[in-house]
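These are the residues of each chain, in order.
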Amino acid sequence: MQSIQEIKSGFGREDVRLVAVSKTKPVEEILEIYNQGQRIFGENRALELEEKARKLPSDIQWHMIGHLQRNKVKNVVPHVDMIHSIDSIRLAAEVNKQAKRIDRVIPCLLQIKIAKEESKYGFDLQQLLDWLGTGQWKDMAHIEFAGVMGMASFVPDMGIVREEFRYLKQCFDELQSRIFRDYASFREISMGMSGDYQVAIEEGSTMVRIGTLIFGERNTHQG
Ligand SMILES: *Cc1c(COP(=O)(O)O)cnc(C)c1O
């Protein structure tokens, strides 16, 4: 396990933000990391995020990083500061609807399938371009389209992982130039976890999601 400062000093770039992935970890352990100065925490379950947000200091920024079911959107929308895992148009529509009800605008990332295998969730680039090209997203005034997110294959071969991250950066560039040219808020590339964040940063990540390296191993395997 490494301290927040140790991890950040290894980034080599000032503009990379760290999401401390606290899923399955109790509030006491999260407070310890909070006391090291960390303010952005990531969860992958809606009800767990809601519960922790209610218990922990209000200056924590909660990021939803895992697959979000539409019937749980209303639980996270009051508490979440960014959703990394918009993986369908119907989910985007529901986030917009629930955010509107409570008069919030939620920064959201479009999750793109970049792994060759084992990726259940996320858009294909073409699917995204088709939808975004219709301009319908502009009616979703309660979503701030803030960038993209992807998960690389869980394999030891960093060559494969690097290629997948490079592909996500290309997707980002294409969406930025073709769709979001005039939207300064479209700027985040969320990629990189404990095992591959250095490669992700070399390939242009602006946000890494690190759990194990900060909190230690999780008992249960989740997401
Ligand atoms: C669990 C999780 C992480 C963090 O994984 P570690 O290997 O523990 O750093 C990052 N992103 C997502 C989407 C996750 O579910």
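A. Region of the structure containing the overall build of the protein chain. Along its length, the protein chain carries nine helices and eight strands. Projected onto the principal axes, the alpha-carbon positions of the protein chain cover approximately 45 × 45 × 30 Å. For the protein chain, with 223 residues in total, the buried portion stands at 51%. Excluding contacts between residues fewer than 6 apart, the proportion of contacts in the protein chain whose partners are at least 24 apart in sequence is 61%. Working note: accessible area of the protein chain is about 11,000 Å², and carbon and sulfur atoms make up 46% of it.

B. How the structure looks around the packing of aromatic side chains. According to the stated counting rule, one finds ten aromatic pairs in the structure shown. Seen in terms of ring centroids, Phe180 and Tyr183 are 6.2 Å apart; in terms of plane orientation they differ by 90°. Their pairing is edge-to-face. For Phe180, a relative accessible area of 1% puts it in the buried group. The class for Tyr183 is partly exposed, based on a relative accessible area of 35%.

C. Quick look at the site of the ligand. Taken together, twelve residues surround the ligand, and among them Lys23, Ser194, Gly211, Thr212 and Arg218 come closest. In the environment of the ligand, an oxygen atom lies 2.8 Å from a nitrogen or oxygen atom belonging to the backbone of Gly211. Protein contacts shield 94% of the accessible area of the ligand, which totals 390 Å² for the unbound molecule. The class makeup of the residues in the shell around the ligand is five nonpolar, four polar and three charged.

D. Looking closely at helix H6 (residues 125–133). Those residues of H6 lying buried are Leu125, Leu128, Leu129, Trp131 and Leu132. Contacts from the buried residues of H6 go to helix H5 (89–101), strand E5 (106–111), strand E6 (143–149) and helix H7 (158–178). Gly135 sits one or two residues past H6 and shows a positive phi near 80°.

E. Representation of the environment of Ile210. Note on placement: Ile210 falls in strand E8 (residues 207–210). Linking Ile210 and Met151, residues 59 residues apart in sequence, is a C-alpha distance of 12 Å. Not counting residues within four places of it along the chain, the set of residues in contact with Ile210 comprises Ile7, Leu18, Val19, Ala20, Val21, Met193, Ser194 and Tyr197.

F. Summary view of the packing of H6 against H7. The N-to-C vectors of H6 and H7 enclose an angle of 15°; their axes lie 11 Å apart at closest approach. Between H6 and H7, the interaxial angle falls into the category roughly parallel. Helix-helix and strand crossings are classified by hand; for H6 and H7 the assignment is right-handed. Of H7, the residues touching H6 (which contributes Leu125, Leu128, Leu129 and Leu132) are Tyr167, Cys171, Glu174, Leu175 and Arg178. Split into classes, the residues belonging to the contact of H6 with H7 amount to seven nonpolar, no polar and two charged.

G. Focus on the environment of Met64. One can find Met64 in strand E3 (residues 61–64). With 43 residues separating them in the primary sequence, Met64 and Val21 have C-alpha atoms 9.7 Å apart. Apart from the residues within four sequence positions on either side, Met64 is in contact with Glu43, Asn44, Arg45, Ala46, Leu49, Val80, Met82, Ile83, His84 and Ser85.

H. Quick peek at H5. End to end, H5 covers 19 Å across 13 residues, agreeing with the expected 18 Å (1.5 Å per residue, within 8%). Along H5, the residues classified as buried are Leu91, Ala92, Glu94, Val95, Asn96, Gln98 and Ala99. Its buried side turned inward, H5 meets helix H4 (73–76), strand E4 (80–86), E5, H6 and E6. Looking one or two residues beyond H5, the residue adopting positive phi is Asp103, at roughly 60°.

I. Main features of the pattern of salt bridges. All told, the structure shown has 13 salt bridges when counted by the stated rule. Put simply, Glu188 and Arg17 hold a salt bridge, and the shortest N to O gap is 2.9 Å. In this pair, Glu188 sits in strand E7 (residues 188–190) while Arg17 sits in strand E1 (residues 17–21), placing the two residues 171 residues apart along the sequence. Its relative accessible area of 7% is what places Glu188 among the buried residues. The partly exposed category is assigned to Arg17, whose relative accessible area is 31%. The residue Arg54 makes a salt bridge to Glu50 at a minimum N-O spacing of 3.0 Å. Taken together, the residues Arg54 and Glu50, both in helix H3 (residues 46–55) and four residues apart, mark about one turn of the helix. Overall, Arg54 belongs to the exposed group, its relative accessible area being 61%. One connected set of salt bridges, linked through shared partners, spans Arg162, Arg166, Glu202 and Glu203.

Rules of the game
Residues numbered from 1 in each chain as written. Predicted model: local features only at pLDDT ≥ 70, side-chain atom pairs only at ≥ 80, totals over all residues. Heavy atoms only, no water. Helix = DSSP H or I, 4+ residues; strand = E, 2+ residues; numbered from the N terminus. Buried < 20%, exposed > 50% of the residue type's maximum accessible area, 1.4 Å probe, protein only. Contact = heavy atoms within 4.5 Å. Areas by Shrake-Rupley, 256 points an atom, 1.4 Å probe, with all protein chains shown as cover. Phe/Tyr/Trp six-rings, centres within 6.5 Å; stacked < 30°, edge-to-face > 60°. Near = heavy atom within 4 Å. Polar contact = N/O pair within 3.5 Å; in protein donor to acceptor, adjacent residues only side chain to side chain. Nonpolar A, V, L, I, M, F, W, Y, C, P; charged D, E, K, R; others polar. Axes fitted to C-alpha atoms, helices over the stretch in contact; angles between N-to-C directions. Parallel < 35°, antiparallel > 145°, perpendicular 65-115°, else oblique. Left-handed = near helix turned anticlockwise from the far one by under 90°. Expected span 1.5 Å × (residues − 1). Salt bridge = Lys/Arg side-chain N within 4 Å of Asp/Glu carboxyl O.

In short, shape yes, function no, at least from these values alone.
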